[in-house]
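Each chain, written out:
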Amino acid sequence: MFNATFPLRLYAKYRYAKIQALDPVAAQEEQLLRLVSQAQDTAFGRLHKFSSITSVGDYQKFVPLRTYEQFWSEYWQKTFPVFQGTTWASHVPFIPVSSGTSSGTTKWIPCTLEM
């Protein structure tokens, strides 16, 4: 009978070393900057200077935290059910509905293919 313990341990050490070499913070910053670049020509992106954002710090400085209700009233309500160009550049083909448990009202959530 073949004992696979030794090769599996070697493989586990190899995988562990690869995982340790990953940098999740850098990966998340890269993803954020990619998304910001894709959305820079939207109404939201222009208002928050997405074209000049080059770091997480810039994003935090230019984009204040908002509640869903603020997003709805400031961006989505005016164009509902068409969200293209408001907070995301491409077509928004899906608009799932949440149960509204936090506020008691239904929430319409733009959902893109990229999501």
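Residues numbered from 1 in each chain as written. Predicted model: local features only at pLDDT ≥ 70, side-chain atom pairs only at ≥ 80, totals over all residues. Heavy atoms only, no water.

1. Side note on the packing of aromatic side chains
Link 1 in the chain: Enumeration according to the criterion identifies 13 aromatic pairs in this entry.
Link 2 in the chain: Between the aromatic rings of W76 and F83, the centroid separation amounts to 6.0 Å while the plane-to-plane angle is 75 degrees, which identifies the pairing as edge-to-face.
Link 3 in the chain: Site record: aromatic cluster; members linked through ring pairs are F44, F50, Y59, Y68, F71, W72, Y75, W76, F80, F83 and W108.
Link 4 in the chain: Lying over the aromatic face of F71, R66 brings its terminal NZ or CZ to 5.7 Å of the ring centre. (Phe/Tyr/Trp six-rings, centres within 6.5 Å; stacked < 30°, edge-to-face > 60°. Lys NZ or Arg CZ within 6 Å of the ring centre and 35° of its normal.)

2. Comments concerning the nonpolar core
Link 1 in the chain: Judged by nonpolar contacts, the single largest core of 13 residues is most densely connected at F44, F50, W72, W76 and F83.
Link 2 in the chain: Per-element tally for this core: the top contributor is helix α5 (residues 68-79), with four residues.
Link 3 in the chain: Beyond its immediate stretch of four places on either side in the chain, F50 contacts V36, A39, Q40, F44, G45, Y59 and V63. (Core = buried A, V, L, I, M, F, W, Y, C linked by side-chain atoms within 4.5 Å. Buried < 20%, exposed > 50% of the residue type's maximum accessible area, 1.4 Å probe, protein only. Helix = DSSP H or I, 4+ residues; strand = E, 2+ residues; numbered from the N terminus. Contact = heavy atoms within 4.5 Å.)

3. Thoughts on the pattern of salt bridges
Link 1 in the chain: For the coordinates displayed, the defined rule picks out two salt bridges.
Link 2 in the chain: Between E30 and R34 there is a salt bridge whose closest N-O contact spans 3.4 Å. Remark: R34 and E30 occur in helix α2 (residues 24-38); sequence separation between them is four residues, near one turn of the helix.
Link 3 in the chain: Using a relative accessible area of 48% as the deciding quantity, one classes E30 as partly exposed.
Link 4 in the chain: For E74, the salt bridge goes to R66, with nearest N and O atoms at 3.1 Å.
Link 5 in the chain: With a relative accessible area of 33%, E74 lands in the partly exposed category. (Salt bridge = Lys/Arg side-chain N within 4 Å of Asp/Glu carboxyl O.)

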